[in-house]
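Secondary and tertiary structure notes
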Amino acid sequence: MFGLEKPAGQKPGRSGGFPNMASVGDFNVLSASIPATKVELSVSCRNLLDRDTFSKSDPICVLYTQAIGNKEWREFGRTEVIDNTLNPDFVRKFIMDYFFEERENLRFDFYDVDSKSPNLSKHDFLGQMFCTLGEIVGSQGSRLEKPIVGIPGKKCGTVIVTAEELGCCRDSVLMQFCANKLDKKDFFGKSDPFLVFHRSNEDGSFTICHKTEVVKNTLNPVWQAFKISVRALCNGDYDRHDFIGEFTTSYRELSRGQSQFNVYEVINPKKKGKKKKYVNSGTVTLLSFLIETEVSFLDYIKGGTQINFTVAIDFTASNGNPSQPTSLHYMNPYQLNAYGMALKAVGEIIQDYDSDKMFPALGFGARLPPDGRVSHEFALNGNPQNPYCHGIDGVMEAYYRSLKSVQLYGPTNFAPVINHVARYAASVKDGSQYFVLLIITDGVISDMAQTKESIVNASKLPMSIIIVGVGPAEFDAMEELDGDVVRISSRGKFAERDIVQFVPFRDYIDRSGNHVLSMARLAKDVLAEIPEQFLSYMRVRGIKPSPAPPPYTPPIHVLQTQI
């Protein structure tokens, strides 16, 4: 729906505080819930179990997804049945929404089909494989190979799942419009028109997806060209209709470009109802329409870019004595504390994009044994030469070990751990690696000036920073570091990109005690900006994705039998 409007309640020739900005509420393109990109999963198996006596198995693959809250598995879809083979390459694909910031658990079950019955219990089970969608996408060439398990004492073969991003999700459109002889709306001058675009949703409602700038004091405006993703414009549905007044068009029609088909009458329903001689309220013409295919986050991941995850934990005394239940670092034998929950929620998603699963884990604000010196950058595993821990479980183990050996102290300094990761990020600027630092803290920051300086310097590097604030403190300073409202600056220099995302942990505490859902929400909110921050670094540096490795087809072993 393309609406032509004039800013309400303004004097002619004025458009409020921002020149050339349309004022339709507080519209934010990103909050218009642009759907995920879609990926297509292809499944192959090698050396399946043979369950048939006189011939080979007739396999089918059934995919299940898991609900976040209750862990219940739901059937997502089935491939076709392939007769008489232990090495099927299934033709039917699974098409799934992909969000970087969500953990999507998958289960692939394999059966030997013995009859026409859709009831799976009537067929022989050949085994299963569990993984996450992130694991498939994050594997080399977005191709995951895993053993099939589930039948004790039997080798069930292997499954190969490859992910391919669907093309329509990656197109952007560059469009430009002009209008002629629009209705005059101002008493003393001409109108100040702008265009508002809405896309139609499945349920018939409309979502705003773009608005142009205001062109002042004219009935024949020419708006600047603008770029919008096809997903935002029409959710990838090329025949989804957009409206101008009561005139409809679609992406497919617009894509014909400038022609007589793309001149639209602007109809005002109220005027049309009142005036018999009413023709229209002017016309809008499409001046240009150019489709560009954007490189996506998944192109880089498929090309081999690794995401390195580092965690830094606040060991200042304001957390309280770890042996007391009131402490934020309390080691409860029955459930994770806030630090453990935040670390696990974010780490379990990011680990899918790091092939060696080795994560540096740092602490700050503690006195270290044996001499009690204060450190703002110490290795949780006690090895400054090699602060890497194996997997998120290894990080958790090192965190608990540190709590028993160091003394909580202070102050709360962020700059040393930010500079630690920045040193690594500065050494690989070729796009092969990107660094994400998770800082979990309880407190009021002590080195604000130095931290701002560190963030401004880090904004030129391939890195992002996530800060999770735990406990009841006021986190005003963290909001300032987040830079969503005002871009962060230090000594007159502004950050090149917005690289910090802050959330207070208390906003995600579930009163009912269901931490699974609340931690999934926390992870989603802190990780949602990472792909765009990642792409903004690559774009600014002109780094293109590496080509994906060629698709690998495992050899089928033919057993030769001698008679």
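To be clear, the structure that these remarks concern was listed above.
Below, the structure is looked at part by part. These numbers come from a predicted model, not from an experiment.

Before going further, it helps to spend a moment on the sheet that holds strand S17 (residues 283-293). Judged by pairing direction, the sheet is antiparallel, and its four strands sit side by side in the order S13-S10-S17-S16 without closing on themselves. Edge positions in the open sheet fall to strand S13 (226-229) and strand S16 (263-265), since each of these has one partner strand only. For this sheet the average axis-to-axis angle between neighbouring strands, irrespective of direction, equals 35 degrees.

Time to look at unusual backbone geometry. That bond from proline 369 to proline 370 is cis: its omega, 0 degrees, falls within 30 degrees of zero. Mapped onto the elements of the fold, proline 370 is located in the loop between strand S20 (366-368) and strand S21 (373-375). The peptide bond linking glycine 410 to proline 411 adopts the cis configuration, its omega dihedral lying at -10 degrees. Here proline 411 shows up in the loop between strand S24 (407-408) and helix H8 (415-427).

Angle between the axes and distance between the axes: these two values describe a pair of packed helices. One can describe the packing of helix H6 (residues 338-350) onto helix H7 (residues 391-405) by two numbers: an axis separation of 10 Å at closest approach and a directional angle of 160 degrees. When the axes of H6 and H7 are compared, the pair comes out roughly antiparallel. Helix-helix and strand crossings are classified by hand; for H6 and H7 the assignment is right-handed. Contact with H6, carried on its side by Tyr339, Gly340, Leu343, Lys344, Gly347 and Glu348, involves Ile392, Asp393, Val395, Met396 and Tyr399 of H7 and no other residues of that element. In terms of residue class, the contact of H6 with H7 is made up of six nonpolar, two polar and three charged.

Strand pairs in the sheet, formed through backbone hydrogen bonds, run parallel or antiparallel to each other. Strand order in the open sheet formed by three strands is S21-S20-S24, and the pairing between neighbours is antiparallel. Where the open sheet ends on each side, the last strands, each with one partner, are S21 and S24. The sheet contact formed by S20 and S24 spans two bridges and is antiparallel. In the sheet register, alanine 366 faces S24, and the bridge partner there is leucine 408.

Across the 11 residues that make up helix H9 (residues 448-458), a large majority, eight, are buried. Those residues of H9 not exposed but buried are Met448, Thr451, Lys452, Glu453, Ser454, Ile455, Val456 and Ala458. Summarising the contacts, the buried residues of H9 are in contact with H8, strand S26 (463-469), helix H10 (476-482), strand S27 (489-490), strand S28 (493-494) and strand S29 (500-504).

All right, on to the packing of aromatic side chains then. Under the counting rule described, the total for this entry stands at 16 aromatic pairs. Aromatic pair phenylalanine 100 and phenylalanine 297: ring centres 5.2 Å apart, planes at 75 degrees, arrangement edge-to-face. Highlighted residues: phenylalanine 100 in the loop between strand S5 (94-98) and strand S6 (105-112) and phenylalanine 297 in helix H5 (residues 297-302), separated in sequence by 197 residues. The exposure class of phenylalanine 297 is buried, given its relative accessible area of 6%. Aromatic ring contacts, followed pair by pair, group Phe100, Phe297, Tyr300, Tyr353, Tyr434 and Phe534 into a single cluster. The lysine or arginine in question, arginine 367, covers the ring of tyrosine 409, its NZ or CZ lying 4.7 Å from the ring centre.

Cut-off values and rules
Residues numbered from 1 in each chain as written. Predicted model: local features only at pLDDT ≥ 70, side-chain atom pairs only at ≥ 80, totals over all residues. Heavy atoms only, no water. Pairing = 2+ DSSP bridges. Helix = DSSP H or I, 4+ residues; strand = E, 2+ residues; numbered from the N terminus. Axes fitted to C-alpha atoms, helices over the stretch in contact; angles between N-to-C directions. Parallel < 35°, antiparallel > 145°, perpendicular 65-115°, else oblique. Left-handed = near helix turned anticlockwise from the far one by under 90°. Contact = heavy atoms within 4.5 Å. Nonpolar A, V, L, I, M, F, W, Y, C, P; charged D, E, K, R; others polar. Buried < 20%, exposed > 50% of the residue type's maximum accessible area, 1.4 Å probe, protein only. Phe/Tyr/Trp six-rings, centres within 6.5 Å; stacked < 30°, edge-to-face > 60°. Lys NZ or Arg CZ within 6 Å of the ring centre and 35° of its normal.

Structural measurements only, silent on function.
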